[in-house]
There are 4 protein chains.
Amino acid sequence: MPIYNHLLMREEKLMTGNSFGQLFKITTCGESHGGAVGVIIDGCPAGFEVSESDIQIELDRRKPGQSSITTPRKETDTIHILSGIFEGKTTGTPILLLAYNTDMRPEDYADLKNVYRPSHADYTYLMKYGRRDFRGSGRASARETLARVAAGAIAKKYLKEKLNIEIHSYVEQVGNIRANNIEDNLITAENIEANIIRCPDQITAKKMIKLIEKVKQEGDSIGGVIRTVIRHVPIGLGEPVFDKLPADLGKAMLSINAVKGFEIGSGFEGVSLRGSQHNDPFMIENKKLKIKTNYAGGTLGGISTGENIYFRVAFKPVSTISKAQQTVNLENQAIILEAQGRHDPCVLPRAAPIVDAMSALVIIDHYLRHKAQSA
Amino acid sequence: MPIYNHLLMREEKLMTGNSFGQLFKITTCGESHGGAVGVIIDGCPAGFEVSESDIQIELDRRKPGQSSITTPRKETDTIHILSGIFEGKTTGTPILLLAYNTDMRPEDYADLKNVYRPSHADYTYLMKYGRRDFRGSGRASARETLARVAAGAIAKKYLKEKLNIEIHSYVEQVGNIRANNIEDNLITAENIEANIIRCPDQITAKKMIKLIEKVKQEGDSIGGVIRTVIRHVPIGLGEPVFDKLPADLGKAMLSINAVKGFEIGSGFEGVSLRGSQHNDPFMIENKKLKIKTNYAGGTLGGISTGENIYFRVAFKPVSTISKAQQTVNLENQAIILEAQGRHDPCVLPRAAPIVDAMSALVIIDHYLRHKAQSA
Amino acid sequence: MPIYNHLLMREEKLMTGNSFGQLFKITTCGESHGGAVGVIIDGCPAGFEVSESDIQIELDRRKPGQSSITTPRKETDTIHILSGIFEGKTTGTPILLLAYNTDMRPEDYADLKNVYRPSHADYTYLMKYGRRDFRGSGRASARETLARVAAGAIAKKYLKEKLNIEIHSYVEQVGNIRANNIEDNLITAENIEANIIRCPDQITAKKMIKLIEKVKQEGDSIGGVIRTVIRHVPIGLGEPVFDKLPADLGKAMLSINAVKGFEIGSGFEGVSLRGSQHNDPFMIENKKLKIKTNYAGGTLGGISTGENIYFRVAFKPVSTISKAQQTVNLENQAIILEAQGRHDPCVLPRAAPIVDAMSALVIIDHYLRHKAQSA
Amino acid sequence: MPIYNHLLMREEKLMTGNSFGQLFKITTCGESHGGAVGVIIDGCPAGFEVSESDIQIELDRRKPGQSSITTPRKETDTIHILSGIFEGKTTGTPILLLAYNTDMRPEDYADLKNVYRPSHADYTYLMKYGRRDFRGSGRASARETLARVAAGAIAKKYLKEKLNIEIHSYVEQVGNIRANNIEDNLITAENIEANIIRCPDQITAKKMIKLIEKVKQEGDSIGGVIRTVIRHVPIGLGEPVFDKLPADLGKAMLSINAVKGFEIGSGFEGVSLRGSQHNDPFMIENKKLKIKTNYAGGTLGGISTGENIYFRVAFKPVSTISKAQQTVNLENQAIILEAQGRHDPCVLPRAAPIVDAMSALVIIDHYLRHKAQSA
């Protein structure tokens, strides 16, 4: 009986690590081809207005099939609220959000069940768990990020409405095409959503789209960088030792599928500077303390300074391509893989709402932790 | 009564985030100028040989005053084992490690107690906690990393002796000087320790040292990059959703003082590649599965592949410099700060053992988690 | 606008403590009158057969309206599995279980929304959260235990099938009527289910039922004791310091609505014995070590001995009664409360499956923790 | 090589469960015969006055050799503060408390290293960990409670000084001798400390002491009950689902060595009452809401009502006795054990400060959790 006839995990194996956050804590569940993808949010403040459409708007930015440069696969990703919200407001009790799976075609994956797709999790899953879910990767599927975006939508709305904290993630780079002159304080949801690549520099956006279309025609894929700016974060969020704000933001981003790098403030370029160049001088302006430059990226000692937080997240090119590739099957035979199927030539436009969501989850959790310590 | 007469934290304020890890869990304590810096390790496997000198050897690589390019401040950083080890072996019960503080000169900081040092945590601490410990930054001091290195020394030794996992962190870059042609499998503790900057490329090392000496003479500081290679990691470490191995490594590194970036595998450069270039082909060699290239950096889907794990960590230039700087005092007056005192012109040589330690803590924790799930 | 027009929790208030367990970890959600009651199980071993009917059988033992001595309220409590189980087997990924609420009659509670019902959580909820859910107590409702029973059903089945661990909770006492001579090793699911009170001593059961019928006629309620015997627990479960097995069992039971006491082994009666009477002698029988008596109740030093674990759980009389009671309304006026509505005269028969479930959750969690440490 | 030549735990074995609390979180370390017993407190509010003598006063109530009815073993149990307190005040950072071990006589245990002492943890430890620490039980030793009392002393002092919460644990029962008519509001530290058994009823105290002296002469031991009253707890502490206040108090007490039972409010006796008797009526007195009776024991729905919290904790007779006992050695031979050594004939007088400490740790943790949610 061949090993791939079985789904996910050898008997007895557990999986852990399905929760994120300490006070605003989410636990996600659901496979790409099971009954539903869901999330319980434990610790959402009470009395806050949330409707299904508030969540849907973010899910629609993540969903497949939204434009000519994303995968043509169709999922409506309709969200249902099953507990924790009454008469349009959070009650403070755990919130359950669910999206039922609809467009499941496990038959699409039949050809793949005997193959390790290069740079996919197929191989490590099989080695770790003794089995794997060939129906679209199971828990390793990026479909799991739906639950993050749903929970993050509530966090993002809370931060905006209660604290005026604004989170804007946009595509800064696709391949070698990079948008360089975007002023942090001029970024809006509108100029990000003005094009299908989600880059607020409309001229560069066109170049990016052109590149992706070319890559798509070649049956190939391409990577890129999301840049995020978080405005109006109050001073004081973040813990001084292990749970520094950049540490938790970094973990959040590096837990997203396909992410290979994270840098905050001056990042990797900053290492070439002298301290005298890189230090952000304090100054007085209109009798108030101001920080002149912001190489720090909005945190000092792991704690927010009140300046804009900005960081960059590197996404590798999508592993699924149509081009022929050298690989190995489960019988350890070298083979050539020529996948057809439906895939994203570039994950970046759909990644922006995911980075938004993870940012919101980190910030709201640290906001609640900070309030809790100050109580 | 001026605010700076009080130490750390407004009444009632708590601090959180002093623990790291899930099964091999450390909780650290101690201020830079209190009685001691310490750590309890909860969850170290029993029956493992550990002596104080095993730990001391790593602490000596971190300690101040070790060479002409580190701060001249003197601390012996002598470690004491107070529980959990009997007759030279771990008993499986919590291990308490302590280093008493000796070279405390709070008077050195007298001039600073009324000032926000640029790019230090002084300002955010005071805003968050209502007070700050002017005696060398309290818990924000990099002296806290002593506890990490002590605990990490046990983890690193365990991984090497029990599993042959080797962790080598070295200085790859100082300012713009970068060592490029270091073969991952030829790095040894010996060629890292062969020079005071801890770069295994001896020619580049000399250039780096020269640059640091120049920067030191100018009373300035400079940043750099630590590159880490972890060899012989078994397949299967890391969890598929939030606790991906790169996510936990990233959080570990971004929780170290002065770190501004983390990238694993192809990192930020990889975004320019096509999927067909970046995907690491599986192949058969001597009847065994092999992965041809390693753009992934040793993990797929957040789980280790068995290939070398490698990553880069960006350190900003040290914030403490002797050059005159514009800043503000606690009475909100613009002033010029001319610190003398003792400081590191470049933190990189002392950072290598800290990155080693945090790497070891992440790997041993995921190793134990993986074993636990498979039990 | 009167305070009771608002549901549960003042704005900003959070609720915590909705998770239980460390490796086999459950997070529950749902109010008595919201859309659904649900639970995510994180950490269930893979490859284990579970069907909805395996869970339903335990829920049916808990559900209202099951006999003449329980509340006549009707809920089908039909369970749905939405993730983590495929082709009848657990996959190792998080399991989502849901029961949609059907028989909601918030209008039944209209008279109560302005009143503190004596010995209910109405008062403490309102004081803690600033609001309360008058529609059947919200998260304070015993309806929340549905989620525990659903998750516990999987744990109980696993323990029985994989390890032959048998958990039997039965009604030992109602009011002053106590069944005394029940031999631990002769208890079976069948003799517990042989009567509607769930006491395996059929003669005493009849007396208990008669007492409850009398109490019901009087519009009153009565308390009782559940006794649990767990057979075939392997030696070694439980941690020696804070997470002793009796400590975690005690917490589990004391977290059930209406529980006021927990004792294991000799319990409160054992305090009168001398050590020479109470110590359980070790002996050799058929060349194997045996423990002669079992005053310990199956644990020593917090760790299971392999002998039967047995404990008793005290339930106070149900707070909802039809008799007239003195109380106070939200305007702080003394009033007389004469509730009609539907209530259980005695919660004990429905409590047995809840105690079973909590027992199973504690034992499976400690079993996995023990395996994890030994890996 | 006989198994008892090795200390505690088979190679690779871990121990877990050394932490307690969520916001005011303690992690303890230290064996009865290692270098020290210690505790890190993470989450103590800043700005609170604590001296070593504040802690010592509670440790002296716990220490051996304090009176004619406790073990004659001598330990000074001198406490040292090594971090987190500066100029007499907490700084908000982790607090490290240490007591070095001094009166270690492992030779006293030489005769015991080959024997399972009845009702001790020797057997379960050896079975669980593959080894045991024969030098006074290692982590299973009640010496570990020293760390709890040290941490609890800070919590208890905080609760009293900041919130006027008073915690009084006293010996209510020794064997069959029970003090019945002690008025909760008349209990004071002074009348508890007025005699060596720590029972505020001075006449009953004498009878208890006489009984213990008799038991001691016989080389035997006896159990008893600690009753605790907590006055002035604010309304609202405790979480409604798993972390109910009685659940966390119960776990805390059942994690103390030798505890076999816990009951709060009416406890086991309450099960015989009718709801109409047991319900605590709300009433208006001087225009304020009052609760007439307090069968609930100070909590409703797991949340404090503001009334006195009271509970009882059952301690079994000490397992170490001088009388000859039947047991088995590690070669599975039946033997007669005649221990001499030094032991407590009754643990109750030394248990009172331990129950105080665990009570304080639970209450302060829930106080901080409640404040945190309300922030």
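Going by the structure above, here's the rest.
What this report covers is the structure whose coordinates are included nearby. (Residues numbered from 1 in each chain as written. Chains lettered and ligands numbered in written order. Predicted model: local features only at pLDDT ≥ 70, side-chain atom pairs only at ≥ 80, totals over all residues. Heavy atoms only, no water.)

Here's the deal with the overall build of chain A
On a plain count of helices and strands, chain A comes out with eight helices and 19 strands. The C-alpha radius of gyration of chain A comes to 21 Å, within 12% of the 21 Å expected for a compact globule of 375 residues. Taken along its principal axes, the extent of the C-alpha atoms in chain A is 75 × 45 × 35 Å. The buried share among the 375 residues of chain A stands at 69%. Carbon and sulfur atoms make up 50% of the accessible area of chain A, which totals about 11,800 Å². (Helix = DSSP H or I, 4+ residues; strand = E, 2+ residues; numbered from the N terminus. Rg over C-alpha atoms; globule rule 2.2 N^0.38 Å. Buried < 20%, exposed > 50% of the residue type's maximum accessible area, 1.4 Å probe, protein only. Areas by Shrake-Rupley, 256 points an atom, 1.4 Å probe, with all protein chains shown as cover.)

Overview of the interface of chain C and chain D
Facing the 115 residues of chain C at the interface are 115 residues of chain D. Buried area between chain C and chain D, summed over both chains or domains, comes out near 8,700 Å², and the portion from carbon and sulfur atoms is 59%. It is F242(C), K260(C) and F282(C) that lose the most area in chain C upon contact with chain D, and together they represent 10% of the buried surface on that side. K251(C) serves as the salt-bridge partner of D243(D), at 2.8 Å between the closest nitrogen and oxygen. Here the side of chain C that touches chain D is built from residues that sort into 49 nonpolar, 41 polar and 25 charged. Note: strand β12 (residues 259-264) of chain C against strand β12 (residues 259-264) of chain D, three bridges, orientation antiparallel. Each residue of the ladder has a partner; that of E263(C), found in β12(D), is G261(D). (Contact = heavy atoms within 4.5 Å. Buried area = accessible area lost by both parts, 1.4 Å probe. Salt bridge = Lys/Arg side-chain N within 4 Å of Asp/Glu carboxyl O. Nonpolar A, V, L, I, M, F, W, Y, C, P; charged D, E, K, R; others polar. Pairing = 2+ DSSP bridges.)

Quick notes on the interface of chain D and chain B
Listed by partner, the interface residues are 44 residues for chain D and 44 residues for chain B. Applying the counting criterion to the chain D and chain B interface returns zero salt bridges. Between the two partners, chain D and chain B, sit 13 residue pairs in polar contact (both at pLDDT 80 or more). Mapped onto the side of chain D that touches chain B, the elements with two or more residues apiece are β2 (25-29), β3 (36-42), β4 (80-83), β7 (95-100), α3 (145-163) and α8 (348-374) of chain D. No other element matches β2(D), which puts four residues into the side of chain D that touches chain B. (Polar contact = N/O pair within 3.5 Å; in protein donor to acceptor, adjacent residues only side chain to side chain.)

A word on the environment of M127(C)
Its location among the elements puts M127(C) in helix α2 (residues 122-129). Of the residues examined, M127(C) reaches a relative accessible area of 37% and is grouped as partly exposed. When the C-alpha atoms of M127(C) and G65(C) are compared, they prove to be 32 Å apart, with 62 residues separating the residues in sequence. Beyond its immediate chain neighbours, meaning those up to four positions away, M127(C) contacts Y116(C) and I235(D).

A closer look at the sheet that holds β12(D)
The strand order across the open sheet built from ten strands is β10(C)-β9(C)-β11(C)-β17(C)-β12(C)-β12(D)-β17(D)-β11(D)-β9(D)-β10(D), with neighbouring strands paired in antiparallel fashion. Edge positions in the sheet fall to β10 (177-178) of chain C together with β10 (177-178) of chain D, since each of these pairs with one other strand and no more. Bridge analysis of strand β9 (residues 166-174) of chain D against β10(D) gives two bridges, and the strand direction is antiparallel. Pairing of V174(D) across the sheet is with I177(D), part of β10(D). Each of β9 and β10 of chain D is contacted by helix α5 (residues 202-217) of chain D, which is oriented at about 55° to β9(D), the strand it contacts most. (Axes fitted to C-alpha atoms, helices over the stretch in contact; angles between N-to-C directions.)

What about the packing of helix α1 (residues 52-62) of chain D against α3(D)?
All names here are of chain D. As a packed pair, α1 and α3 sit with axes 9 Å apart at the nearest point and diverge in direction by 135°. In terms of their interaxial angle, α1 and α3 are classed as oblique. Crossing of α1 over α3 shows right-handed handedness. Contacts between α1 and α3 involve D54, I55, E58, L59, R61 and R62 on the former and, on the latter, T145, L146, V149, A150, A153, I154, K156 and K157. Among the residues forming the contact of α1 with α3, the class breakdown is seven nonpolar, one polar and six charged. (Parallel < 35°, antiparallel > 145°, perpendicular 65-115°, else oblique. Left-handed = near helix turned anticlockwise from the far one by under 90°.)

Thoughts on helix α3 (residues 145-163) of chain B
Here α3(B) contains 19 residues, and its C-alpha end-to-end distance of 25 Å stays within 8% of the 27 Å for a straight helix at 1.5 Å per residue. Following α3(B) by one or two positions, N164(B) adopts a phi angle in the positive range, close to 60°. (Expected span 1.5 Å × (residues − 1).)

A few points about the pairing of strand β2 (residues 25-29) of chain B
All names here are of chain B. Burial analysis of β2 places four of its five residues in the buried class, which makes it a mostly covered element. Strand direction decides the pairing type here: strand β1 (residues 19-20) and β2, joined by two bridges, are antiparallel. The residue of β2 that forms the bridge with F20 is I26. Taken together, β1 and the strand that follows it, β2, pair antiparallel across an intervening segment of four residues, in which G21 is found at a positive phi of about 100°. Strand direction decides the pairing type here: β2 and strand β3 (residues 36-42), joined by five bridges, are antiparallel. In the strand pairing of β3, T28 is matched with V39.

Some thoughts on the relation of the copies chain C and chain D
The two copies are related by a screw operation: chain C maps onto chain D through 180° of rotation and 0.0 Å of translation along the axis, at an RMSD of 0.0 Å. In the structure described here, the two chain copies are related by an operation that fits a two-fold rotation axis. (Least-squares fit on C-alpha atoms with pLDDT ≥ 70 in both.)

Details of helix α3 (residues 145-163) of chain C
For α3(C), the principal kink sits at G152(C) and spans about 25°. Counting buried residues in α3(C) gives 15 out of 19 residues, a clear majority hidden from the surface. (Bend = angle between axes of the 7 residues up to and from the residue.)

A short note on the side chain of R312(D)
On the secondary structure map, R312(D) appears in strand β17 (residues 309-315). For R312(D), a relative accessible area of 11% translates into the label buried. Separated by 2.8 Å, the side chains of R312(D) and E172(D) make a polar contact. A polar contact of 2.9 Å, which involves the side chain of R312(D), links it to the side chain of E263(D). Those residues in contact with R312(D) that sit more than four places away from it in its chain are F268(C), E172(D), Q173(D), R178(D), V225(D), I226(D), R227(D), G261(D), F262(D) and E263(D).

With respect to the packing of aromatic side chains
One pass over the structure, following the stated rule, counts 30 aromatic pairs over all chains. Taking the centre distance of 5.2 Å and the plane angle of 75° together, the rings of Y125(A) and Y129(A) count as edge-to-face. Note that Y125(A) and Y129(A) are positioned in helix α2 (residues 122-129) at a spacing of four residues, about one turn of the helix. Here the two residues Y125(A) and Y129(A) agree in accessibility, since each one is buried. Site record: aromatic cluster; members linked through ring pairs are Y116(A), Y123(A) and F282(B). (Phe/Tyr/Trp six-rings, centres within 6.5 Å; stacked < 30°, edge-to-face > 60°.)

Re the sheet that holds strand β8 (residues 115-116) of chain C
All names here are of chain C. The three strands are arranged β8-β18-β19 in an open sheet whose pairing can be described as antiparallel. If you trace the sheet from one side to the other, it starts and ends with β8 and β19 (334-337), each paired once. Relative to β19, strand β18 (residues 325-329) runs antiparallel, the two sharing four bridges. Within β19, the position partnered with Q326 by the bridge is I336.

Observations concerning the relation of the copies chain D and chain B
Of the two same-sequence chains, chain D is brought onto chain B (RMSD 0.0 Å, axial shift 0.0 Å) by a rotation of 180°. In this assembly, 100% of the residues forming the interface of chain D have copies in chain B that are likewise at the interface, indicating an isologous arrangement.

Side note on the packing of α3(D) against α8(D)
Between two packed helices, both the angle of their axes relative to each other and the distance between the axes serve to describe the pair. Residue and element names in this part refer to chain D. Put simply, α3 and α8 touch, their axes get as near as 7 Å, and they point 55° apart. Between α3 and α8, the crossing angle belongs to the class labelled oblique. The chirality of how α3 crosses α8 is left-handed. Contacts between α3 and α8 involve T145, R148, V149, A151, G152, A155, K156, Y158, L159 and L163 on the former and, on the latter, P353, I354, D356, A357, M358, A360, L361, I363, I364 and Y367. Per-class residue counts for the contact of α3 with α8 are 15 nonpolar, two polar and three charged.

Focus on the side chain of T16(C)
Inspection of the secondary structure assignment puts T16(C) in the segment before β1 (19-20). Judged by relative accessible area, which is 12%, T16(C) ranks as buried. A distance of 3.1 Å separates the side chain of T16(C) from the side chain of Q373(D), its partner in a polar contact. When sequence neighbours within four positions are dropped, the list of residues in contact with T16(C) reads E239(D), P240(D), R369(D) and Q373(D).

Things to note about the state of the cysteines
Tallied over the full model, the rule gives zero disulfides over all chains. C346(A) carries a free sulfur, and the closest cysteine sulfur to it, the one in C199(A), is 12 Å from it. (Disulfide = S-S within 2.5 Å.)

Here's the deal with the pairing of strand β11 (residues 224-231) of chain B
Every other side chain in a regular strand lies on the same face of the sheet, so the side chains alternate between the two faces. The element β11(B) is extensively covered by neighbouring structure, given that eight of its eight residues are classed as buried. The two faces of β11(B) match: G224(B), I226(B), T228(B) and I230(B) on one face and V225(B), R227(B), V229(B) and R231(B) on the other face are all buried.

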